[in-house]
Amino acid sequence: MAEPIIQLKHLTKRFGGGENEVHALEDVSIEVRAGEIFGVIGLSGAGKSTLVRCINLLERPTAGEVIVDGRDMLRLTEKELRKVRQSIGMIFQSFNLLMQRTALDNICFPLELAGAPRREAVRRAEELLEIVDLAGRAGAYPAQLSGGQKQRVAIARTLATNPKVLLCDEATSALDPKTTRDILRLIQDINKRLGITVVVITHEMKVIEEICARVAILDHGHLAETGTVEEIFASPRSEAGRRLVYPDGVPAEVLYSAADRDRVIRVAFNGGTSYQPLIATLAIDCGVKANILGADTRNIDGRAFGTMLLGLPREGADKAMTYIRSQKDITVEEVPDYHG
Amino acid sequence: MADFFADPQVLRFLQEAPFAIWETVYSTLIATALAYVIGLPLGVVLVAGENGRILKVPGPLMTALNVAVNLLRSVPFLILMVIVIPLSRLLLGTSVGTPASIVPLVAAAAPFVARIVESSLRELDAGVVEAAQAMGCSPWQIITKVMLSECRPSLINGLTTATITILSYGAMAGAIGAGGLGSMALMKGYQRQMTVMLWGSVILLVLLVQLIQSIGTALSVKTDRRINPTESRRRKRK
């Protein structure tokens, strides 16, 4: 098992004091392994943003320990902390670019802070623009760039100082689905190619599904559960986990009655061709009448992504599952005691 | 027309106006510069020191600064001019004349400038400061490279407003013996009932204000990189 690069131990953060005290985090312990993409998910107000800000000490925890790359962050002096922060990149939902600087100069900014000569900084920035696929937009100001392009500039900016860790605070939440996927792919690519550990904070299960290996679920400042994405998808143990894995909008009574009669399965589409009519094939080829209890699927460039919740009649359910399993890019699992 | 220029009042106005303009311009410029020397750092501290967000300024000191700024701002300029007379004597050895009027001008304008700078800097999205901190920016770098340079267009607008306000304060200082267009309007125009002097100097003041505002707005727009959609459309067409 890879060494943990980030260790949060018994992290507690409270804001304010007295009666108005807000418990943003309560005794949260998380380990992120070097080189992985780790997700932190929770509804708004769950403490995700506070958690990620405790990693680079934009927020100082009230209690607990923060260890990044072997350094006890809370023991660093201001000056040492600034140095360490250069090795922890961060991108944001609102991009937070300098509006009065060009894309190129935004990327030069952290190098300028580190005291790099202008020429070297420009050369590095041009290289990074290439990596994020924005080579032609060096002279553009943020106001002239689209949301996705702004986030690409922000990513290039954090890469300028060769960070070991990249923190993504709802980095795709302001973007449309197509752009979200592009940015997630870029983050994945950076993780693989440059070996940068990534921590992704999000409220969208799709984002976790898409790129994370392991995930922690936060609920009202508490760590509800943590595990591999498959584990949590297959059988969320906590209430918060169930709420996230099984999206809202599926009426409980439908599910209960369905669970009484039928077997419920979750089908995940992982990018196979969307021209193949799965439900119709099930009915015609296997003679199984599947009932769609809930679905969250999308078609991107002719490929299907997402999950679908199917109710299957008891007889024929095994046949149907065997059939679905044999399909390319589709995984299936039974949801034994499903409730919404 | 010839009669108009032969009028002794008009002649006198034409003779005296250039020097009055000069006095108004230089006292305004010097007072504005000095007001910014004091007000700009003060405005920066008021924003950066708030809750120790960027600068670790002790809470009581922040409160004291805020109270001091509010106190100075709540005294009407006419009264402030009289109150600072001893200070003018101490600093310049005299309390009358155009140079002496710069002292009350700065005393009144510095806290005003501090508030104007403060409100400009508050326009900056807190997220941008946060991003800079996450990159390892020092407080000094945040102030110079992020706050001041990101807010440049708004700061220039503030400078325009401050200059115009100081110009009008300067005109009021005519009442305590300062020279310039204000004194021309008050002392000669109003008190000695020289209508040409009164209206002539008022027209010159209006023109000066227009000039300052036009230069300020043009500079602010020209240096702003947050190009608005219509602007960029216009640029594309070119």
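This structure is a prediction, so every number in the text was calculated from the model and none was measured.

## Digging into the overall build of chain B
Across its full length, chain B holds 12 helices and 0 strands. In chain B, the succession of α and β elements from N to C terminus is α-α-α-α-α-α-α-α-α-α-α-α. Projected onto the principal axes, the alpha-carbon positions of chain B cover approximately 70 × 55 × 25 Å.

## Describing the environment of Thr228(A)
Residue and element names in this part refer to chain A. Tracing the backbone shows Thr228 in strand 10 (residues 222-228). The spacing of Thr228 and Ser146 is 82 residues in sequence and 34 Å in space, taken between C-alpha atoms. For Thr228, the contacting residues outside a window of four places in its chain are Ala213 and Arg214.

## Comments concerning helix 3 (residues 103-113) of chain A
One full turn of an α-helix is made of 3.6 residues, so residues set three or four places apart face in the same direction. Residue and element names in this part refer to chain A. Burial within helix 3 is extensive, with 9 of its 11 residues counted as buried. For helix 3, the complete set of buried residues consists of Ala103, Leu104, Asn106, Ile107, Cys108, Phe109, Pro110, Leu111 and Leu113. Where helix 3 terminates, the next one or two residues include Gly115, which has phi positive at roughly 85°.

## Focus on the nonpolar core
Counting 136 residues, the largest nonpolar core has Ile107(A), Cys168(A), Val199(A), Ala109(B) and Val113(B) as its most contacted members. If near-sequence neighbours (up to four positions away) are discounted, Ile107(A) is found in contact with Ala125(A), Leu128(A), Leu129(A), Val153(A), Ala156(A), Arg157(A) and Ala160(A). One finds Val267(A), Phe269(A), Leu309(A) and Ile324(A) within the second-largest nonpolar core, a separate group that totals 18 residues.

## What to know about the interface of chain A and chain B
Counting residues at the interface gives 18 residues for chain A, matched by 19 residues for chain B. Broken down by secondary-structure element, the contributors of at least two residues to the side of chain A that touches chain B are helix 2 (78-85), strand 6 (88-92) and helix 3 of chain A. Grouping the constituent residues of the side of chain A that touches chain B by class yields 9 nonpolar, 6 polar and 3 charged.

## Concerning the packing of helix 9 (residues 152-172) of chain B against helix 11 (residues 195-223) of chain B
Residue and element names in this part refer to chain B. As a packed pair, helix 9 and helix 11 sit with axes 8 Å apart at the nearest point and diverge in direction by 170°. Our classification of the angle between helix 9 and helix 11 gives roughly antiparallel. From helix 9, Arg152, Pro153, Ile156, Asn157, Leu159, Thr160, Thr163, Ile164, Leu167 and Ala171 reach across to helix 11, where they touch Leu205, Leu208, Val209, Ile212, Gln213, Gly216, Thr217, Leu219, Ser220 and Thr223. Its residues assigned to classes, the contact of helix 9 with helix 11 shows 11 nonpolar, 8 polar and 1 charged.

## Topic: the domain arrangement of chain A
All names here are of chain A. By the assigned domains, chain A splits into domain 1 (4-244) and domain 2 (246-334). Contact with domain 1, which involves 4 residues of that partner, is made by 4 residues of domain 2. Here the side of domain 1 that touches domain 2 is built from residues that sort into 2 nonpolar, no polar and 2 charged.

Conventions we followed
Residues numbered from 1 in each chain as written. Chains lettered and ligands numbered in written order. Predicted model: local features only at pLDDT ≥ 70, side-chain atom pairs only at ≥ 80, totals over all residues. Helix = DSSP H or I, 4+ residues; strand = E, 2+ residues; numbered from the N terminus. Contact = placed C-beta atoms within 7 Å. Buried ≥ 20, exposed ≤ 12 C-beta atoms within 10 Å, placed from the backbone. Core = buried A, V, L, I, M, F, W, Y, C linked by C-beta atoms within 7 Å. Nonpolar A, V, L, I, M, F, W, Y, C, P; charged D, E, K, R; others polar. Axes fitted to C-alpha atoms, helices over the stretch in contact; angles between N-to-C directions. Parallel < 35°, antiparallel > 145°, perpendicular 65-115°, else oblique. Domains from an automatic or database assignment.

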